Amino acid sequence: MTDVELMKRMLRAVLAANKSGPGVSLSRLQSEYKALTGEQIPHKQMGHASLDTLLHSIPSVVHMERNRTGEMVCFASVSSETAHVAKLVARQRTSKKTGRPQMVNCQIRVKPAAPLILNGRVCVYLSFLGNRDNGGPLEACGNIPTNFKENAVSGKPKPHHYPKDYNPSPGGNYNPQQVQGRIREVLNKYSNGFWVSKLPQLYRELYKQDLPSEAIKDLEHWTHICTVEKPCSSNPNELLLYPPTTTPSTTTMSPLALTPPSSSPPPPASSSTLSPDLRQKLGELLVKYSNGLWAHALPKLYLDTYKTKLPEHVLENLSLLSDFCTVDYPMPDNPKRAILYKRTREENHNRRESVEERRAREEVGSRLSTQTVPPLLIPREEYPSVLVGEAANTNGVILRYIGEGYSQAQEALEDKMREFYCCQDNNTRTRDKKSGTPLASLTSGQLAAVRTEEDEEILRAQVTEVMADKVKVYYVDHGFSEVISKANVFELHEKFFNLPFQATKCQLAGLEPFCQEPAVLKKFESMTSGKILLAEILERGQTSLVVLYDTSQDDDVNINAACIKSLQDKTLASPLQVNSAYMNVAVRSVCSDGTFYCQLPSRGLAKLTEILEKAEAYFHSQGTSEFLVSRPFCGKGCLARYKGKWSRVEITNLHGSRVLDILFIDLGVQSSVEVIELREVPPPFLWDLIAIPPQVVKCCLADLTVSGVGSWTPEAVQWFRDAVLNSTDCSVKIAKLDETKRSVAHVYLFPDKNFQDPARSLNRQMADAKVNSICNYMVQTLSKSVSAAGQNMDIYVSVACHPGHFVVQPWRDMYKLVVLMEEMILYYNKTEEKPLKGEKNQIYAAKVENNWHRVLVKGVLTNGLVSVYELDYGKYELVSGTQLRPLIQEFRLLPFQGITAQLAGVKLRQWSEEASILFRNHVEKKPLVAQLEAVQDAHHPWDRKLTVFLVDTSQEERDIWVHDIMAEFADELTKEV
């Protein structure tokens, strides 16, 4: 987008944000534009001597008129791009006219994953490092969730050993057991049966997958699942599907025995039912895991919670749980991996709605005759755009969905109503005698067409109270009430019943205990009035549970979290005053860009410490399992352990349903944990902890001159951490406060309580030592952290040819690579871009199998294939030239992870095939420790080579030095010769 086009778009946004068309005065336009964009309209750079001449040159964007006082006013010109949203904001009805409406961006941005500190233990997901040629991901150490290990970014899942009675029909991903369970669920909802021809549609709507074609052929053989009947019909291909006519015991057979042809007898009757007590306990456990629970984790969780073993037949016969939970098989080739989801009435209702949507439209006629309106269906997208109405409390926020079928359909309906009830003739309003006669009799609950007294629009409303000459109505599409004259209430014609009422209620997640707090409601209204926002729907229902986002700023603003913060007591915040000095300061975190987080002594910190100690004792006496976090979402506040103690955290990002990123808000430390490690704040301490602001201050060293942009070198960061990290005796003197972005304090930092001598500050020490140089960390610069001889690194050997050539990956950055590859999949799979012609020795993104890799082109063949080198894995591949794409700058930030190396401690030689095999068996696809011996530098990072000792530390008795094994093997070969 050119600068001129960008300016036009921003200018349209400024002008369209003014509701009811008063326009923006020419004298105010620059300030309004700067408030939105951060800079003024650059009319001189665009070749215009004044702002006035620039505006006159773009009539498609703005037109100007003089008002009655003679002032020049700018108005937005209506374009096809802005007409709909501008009209929507202008037509929004509210009982209060507060604030200036704003048009905001309605596309949420992907949250970049922050560098992670794993919470107190190694927990790295390494499945993607498995050999993609032979399958089999690495079994990494640490508590690794099974779904991450077997559904990783690259690498195939392990080959599974299927039971003898598992006999799938032909087809790659056809899993009869999974399909049978789902068909049973469908038949439970449609017990009266349906046409077989409708099954693929129902299956797709419910499970977001296509029904395997083999399943249609197998239906007649699944008599324990369904009954197939051929009715007397002119169409011999139409079949009816009903629930099975067999006895209940038949339907509770082992799932593995249900795959035709069946070779296993049904299990004994004692194992084919659940006792009421067992059913209740399983239901209680599943309620705590609304995002699902892996079935294989159920026995341990059951034992920990109820101190008794889970009966074995439950896992062998998961269909026993089908009446109160959904059993999902995410890996079709592994029937033993299942996820259990607790079903609620609202979920069943919503799922029926999605299937019956078409039927609802077909039955419009019958609904109209009884004056009923179809229910409002929740949009299927993950982040629908919404326009917020009124909120008496955050448990009942009124909102409207934006888009086709919602706000656009409502606008069309109201236009038709205006046309139907009113007409214009010679600028004089006359009423149609048939449609415009006020209702003579009004009753509470009656639907009506109402002419608003403010601007005489015609809206749908429901009568809520009848008075002498007035009536109170509720506008069902706008969500507020108003008292109006009875003369403005008309009969609602039946043709205006076909659109669902557009005003619906939602509940803001995380604000339930504070739903009526005045500070919360005031903050909510100030952040949402007149804005189009994005809603993340956590739980769908009559009153959906949502998180709202304002995406109009540089960073997405979580409105739920902002409302919670409005309850903080500012007097408990860390004190910050320029030129003030503070002793007994603790440095809690140091970031790679040189910023750091300090705890300053304050009343709030003392109170926080006291409350967390009480919470620790409370958990010790009550147990913590009942406080498990069942519904995590971004912005949620809860507790997690840091160095053995419970600390406050905020969830910042979710990786699936098991792993999430958190920020220790009182320490400035980021981490990645499993959801089972989080705990809800116990009710006795909730209000006190909410009132205390984060007890950490983001700082940077003042007057420290650096060159370039990016991150500090690892040496500088490490030197800084060694000097002050976790020391509680530091002192700081505040030089200035930067409030422009994220409130950074520029400080002089001292390692002890003596802050009188500036020469003793770390600022001066770093400047004198010149360790503050900046490292750009682009792909052209490999991390300098592997430059010191004798340094030990945790690594993973991705490729091993022989001791003279193998490829290692730094262990600490492996999770970053996983995140990067996920982002590349999202970007390149959604980007429609013309293939490019690959050039030798250039860097690209290339699709290898189903994943996108960062590659170096080594050669272009005449048959259209391209030889590439995977820069993160050290492997050579042949790919089609059509699979190359430009590697955008965002994906060049992480250094290439594949580093070429050779083994130290052995003589260079021509290694035999036997020696190479021995070496590969000891190191390839294994996590090891590398002790750096030397670095052969090069212009390109992929040409750089390390000489390292490799040490296997997996055995408790002793460490195995690989060079000793290879030297001994070489000596033996020499003796034999």
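The name recorded for the protein chain in an unreviewed UniProt entry is Tudor domain-containing protein 7B, from Oncorhynchus kisutch. Per UniProt, the comment on the protein chain under Subcellular location (unreviewed entry) is "Cytoplasm".

**Q** Quick question: what am I supposed to make of the sheet that holds strand β29 (residues 697-701) here?
**A** Hydrogen bonding along the main chain pairs the strands of a sheet, whether they run parallel or antiparallel. An order of β23-β24-β29-β32-β31 is seen for the five strands of this closed barrel, with the pairing classed as mixed. Ignoring which end each strand starts from, the neighbouring axes of this sheet average 55° apart. Pairing of strand β23 (residues 581-590) with strand β31 (residues 730-738), which is carried by three bridges, proceeds in the antiparallel orientation. Paired with V585 across the two strands is C730, which belongs to β31.

**Q** Could you clarify how one ought to interpret unusual backbone geometry in this entry?
**A** Note on backbone geometry: most residues besides glycine have negative phi, and most peptide bonds are trans. Located in the positive-phi region is N584, a residue other than glycine, with phi close to 55°. Its place among the elements puts N584 in strand β23. By relative accessible area, which is 40% here, N584 ends up partly exposed. Although it is not a glycine, K643 sits at a positive phi angle of roughly 50°. Of note, K643 is situated in the loop between β25 (637-642) and β26 (645-655).

**Q** Explain the packing of helix α9 (residues 276-287) against helix α10 (residues 298-306) here, please?
**A** In a pair of packed helices, the angle between the axes and the distance between the axes together describe the arrangement. Interaxial distance between α9 and α10 falls to 11 Å at its minimum, and their mutual angle equals 105°. The orientation of α9 relative to α10 falls into the category roughly perpendicular. Along the contact surface, α9 presents L278, K281, L282, E284 and L285, while α10 presents L298, L301, Y302, T305 and Y306. Split into classes, the residues belonging to the contact of α9 with α10 amount to seven nonpolar, one polar and two charged.

**Q** Looking at this model, I keep getting lost on the sheet that holds strand β28 (residues 669-674). Mind explaining?
**A** Spatially, β25-β26-β27-β28 is the arrangement adopted by the four strands of the open sheet, whose pairing is antiparallel. Where the open sheet ends on each side, the last strands, each with one partner, are β25 and β28. On average, each strand axis in the sheet is tilted by 50° relative to the strand beside it, whichever way the strands run. Its contacts with the sheet put helix α17 (residues 603-622) on β25 and β26, and the angle it makes with β26 is roughly 90°.

**Q** Looking at this model, I keep getting lost on the nonpolar core. Mind explaining?
**A** Across soluble globular proteins, you tend to see nonpolar side chains buried next to one another. With 41 residues, the main nonpolar core has Y401, L508, F524, L548 and L689 as its most contacted residues. Of all the elements, α17 adds the most residues to this core, at five residues. With residues near it in sequence (within four places) discarded, F524 still touches V388, A391, V397, L508, L548, I559 and C563.

**Q** Mind showing me how you'd approach the confidence of the model for the protein chain here?
**A** Detail in the predicted coordinates should be disregarded across regions flagged by low pLDDT. On average, residues of the protein chain carry a pLDDT of 76, and 74% of them reach 70 or more. Ranking the elements of the protein chain by mean pLDDT puts helix α5 (residues 146-150) last, at 31, and helix α16 (residues 559-565) first, at 95. In this model residues 232-236 is a low-confidence stretch, pLDDT under 50, and it forms one contact with partners more than four residues away in sequence or in other chains. Taken together, the stretch residues 348-370 has pLDDT below 50 and engages in 32 contacts with residues farther than four places along the chain or on a different chain.

Scoring rules and cut-offs
- Residues numbered from 1 in each chain as written.
- Predicted model: local features only at pLDDT ≥ 70, side-chain atom pairs only at ≥ 80, totals over all residues.
- Heavy atoms only, no water.
- UniProt positions renumbered as here; feature names shortened; annotations may be inferred.
- Pairing = 2+ DSSP bridges.
- Helix = DSSP H or I, 4+ residues; strand = E, 2+ residues; numbered from the N terminus.
- Axes fitted to C-alpha atoms, helices over the stretch in contact; angles between N-to-C directions.
- Buried < 20%, exposed > 50% of the residue type's maximum accessible area, 1.4 Å probe, protein only.
- Parallel < 35°, antiparallel > 145°, perpendicular 65-115°, else oblique.
- Contact = heavy atoms within 4.5 Å.
- Nonpolar A, V, L, I, M, F, W, Y, C, P; charged D, E, K, R; others polar.
- Core = buried A, V, L, I, M, F, W, Y, C linked by side-chain atoms within 4.5 Å.
- pLDDT = per-residue confidence, 0-100.

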